[in-house]
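Single-letter residue listing:
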Amino acid sequence: MTPAPTRYPAAIVVLHWLLAGMVALALMAGTFSLAELPNSSPDKVGALRGHMIVGIAIGVLMLVRLVVRLRSPLPAHAATGNALLDLLGKAVHRGLYLLVLAMVASGLATAMAAGLPDIVFRGVGALPADFSAYAPRAVHGLAAKILMLLVALHVAGVVVHQFFLKDRLLSRMWFGRR
Ligand code: HEM
């Protein structure tokens, strides 16, 4: 039996850091700019266009990542020496996949319900007064808060591994000999 690799495959490393940047951007811009901008603002359609393009690109790259993951040998799950923390680590990883996909699905559902593809990409029709009448918009807002919490837990886990356990966890998600 071939031993488990010591690092993630290069394609996963690229996708991990690309998606980390794009998800952070979508979360920050969504919270501090898009949601704050009234639908009556002349800048709103442009802001929605940028957000939707980034959000859909995140969805496509997540699917590519899942396929690459399923077809590649992966390093063993990192261990802390504490069964409960190891379980939390696994749960956070699964949760991150689930929540990012939920963000893409609820964003798309909001956009379809409000007719945004035509308004934003074809210039046909007008934005509703706001999106509060659309149920998927509430899911999108709640999922964003849970995703932020999971990202914070994920980063905290990396800090514990890298600086307290000193097991060089970050090098597994970087380039080098596998
Ligand atoms: C991982 C991908 C995504 C992330 C992280 C994200 C993030 C966010 C955040 C943080 C907000 C503000 C939520 C709030 O404060 O209540 C938001 C709003 C929104 N997002 Fe996304 N989003 C993503 C994907 C998408 C996609 C794919 C679409 C549509 C194709 C979309 C459409 C919208 C819309 C229509 C709003 C409402 C803006 C408003 O209320 O004025 N999002 N998004």
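The preceding data block contains the structure.
Everything quoted here is computed from the prediction, not taken from an experiment. (Residues numbered from 1 in each chain as written. Predicted model: local features only at pLDDT ≥ 70, side-chain atom pairs only at ≥ 80, totals over all residues. Heavy atoms only, no water.)

Some details on the pattern of salt bridges
Here is step 1 of the chain: In total, this model carries one salt bridge according to the counting rule given.
Here is step 2 of the chain: Measuring nitrogen to oxygen at the nearest pair gives 2.8 Å for the salt bridge that ties Arg122 to Asp118.
Here is step 3 of the chain: The class of Arg122 is exposed, set by a relative accessible area of 59%. (Salt bridge = Lys/Arg side-chain N within 4 Å of Asp/Glu carboxyl O. Buried < 20%, exposed > 50% of the residue type's maximum accessible area, 1.4 Å probe, protein only.)

A word on the coordination of the iron atom of the ligand
Here is step 1 of the chain: Of the protein atoms, only His51 (NE2) and His140 (NE2) coordinate the iron atom of the ligand, at distances of 2.0 to 2.1 Å.
Here is step 2 of the chain: Exposure remark for His51: the relative accessible area of 23% places this residue in the partly exposed category. (Donors = N, O, S within 2.8 Å, 3.2 Å for Na, K, Ca; no water.)

As for the nonpolar core
Here is step 1 of the chain: In terms of nonpolar packing, the biggest core is built from 25 residues, with Leu19, Val23, Ile58, Met62, Val100 and Leu147 touching the most fellow members.
Here is step 2 of the chain: Listed by contribution, the elements that provide at least two residues to this core are helix H1 (10-34), helix H2 (44-71), helix H3 (83-113) and helix H5 (135-165).
Here is step 3 of the chain: Sort the elements by how many residues they give to this core and H1 lands first, with eight residues.
Here is step 4 of the chain: Each residue touching Val23, except ones within four places of it in the same chain, is listed here: Ile58, Val100 and Leu147.
Here is step 5 of the chain: The next biggest cluster of nonpolar side chains, apart from the first, holds ten residues, and it includes Leu34, Met52, Leu116 and Phe131. (Core = buried A, V, L, I, M, F, W, Y, C linked by side-chain atoms within 4.5 Å. Helix = DSSP H or I, 4+ residues; strand = E, 2+ residues; numbered from the N terminus. Contact = heavy atoms within 4.5 Å.)

Re the site of the ligand
Here is step 1 of the chain: Near the ligand, the surroundings consist of 27 residues, among which Lys44, His51, Gly107, Arg137 and His140 are the closest.
Here is step 2 of the chain: Arg137 places a polar side-chain atom, nitrogen or oxygen, 2.8 Å from an oxygen atom of the ligand.
Here is step 3 of the chain: The site holding the ligand turns out to be the second largest pocket.
Here is step 4 of the chain: Residue assignment for the shell around the ligand shows that the elements contributing at least two residues are H1, H2, H3 and H5.
Here is step 5 of the chain: With seven residues, H2 is the single largest residue contributor to the shell around the ligand.
Here is step 6 of the chain: Among the residues making up the shell around the ligand, the classes are represented as 16 nonpolar, eight polar and three charged. (Near = heavy atom within 4 Å. Polar contact = N/O pair within 3.5 Å; in protein donor to acceptor, adjacent residues only side chain to side chain. 1 Å grid on protein atoms, 1.4 Å probe; cavity = no way out; pocket = protein on both sides within 12 Å on 5 of 7 lines; lining within 4 Å. Sits in = over half its atoms within 2 Å of the grid points. Nonpolar A, V, L, I, M, F, W, Y, C, P; charged D, E, K, R; others polar.)

Quick word on H1
Here is step 1 of the chain: Here H1 spans 34 Å end to end across 25 residues, near enough to the 36 Å set by a 1.5 Å rise per residue.
Here is step 2 of the chain: Those residues of H1 that fall on the buried side of the exposure criterion are Ile12, Val13, Leu15, His16, Leu19, Met22, Val23, Ala26, Leu27, Gly30 and Leu34. (Expected span 1.5 Å × (residues − 1).)

Concerning the side chain of Lys44
Here is step 1 of the chain: If you trace the backbone, Lys44 turns up in helix H2.
Here is step 2 of the chain: Here Lys44 sits buried without a salt bridge, and the closest side chain of opposite charge, Asp130, lies 9.4 Å off (N-O distance).
Here is step 3 of the chain: A distance of 2.9 Å separates a polar side-chain atom of Lys44 from the backbone oxygen of Leu34. (Lys, Arg positive; Asp, Glu negative; His and termini not counted.)

Observations concerning the layout of surface pockets
Here is step 1 of the chain: Taken as a whole, the largest pocket holds about 1300 Å³ of empty space.
Here is step 2 of the chain: In terms of lining residues, the largest pocket is bounded by 43 residues, among which His16, Val92, His93, Leu96 and His154 are the most central.
Here is step 3 of the chain: Of all the elements in the fold, those that place two or more residues in the lining of the largest pocket are H1, H2, H3 and H5.
Here is step 4 of the chain: Surrounding the second largest pocket, 35 residues form its lining, Gly30, Leu34, His51, Met103 and His140 being those nearest its centre.
Here is step 5 of the chain: Of all elements in the fold, only H1, H2, H3 and H5 reach the threshold of two or more residues within the lining of the second largest pocket.
Here is step 6 of the chain: Classifying every residue of the lining of the second largest pocket gives 21 nonpolar, ten polar and four charged. (Points joined across faces, edges and corners; volume = space filled by probe spheres on them.)

The values are spatial; any link to function lies outside them.
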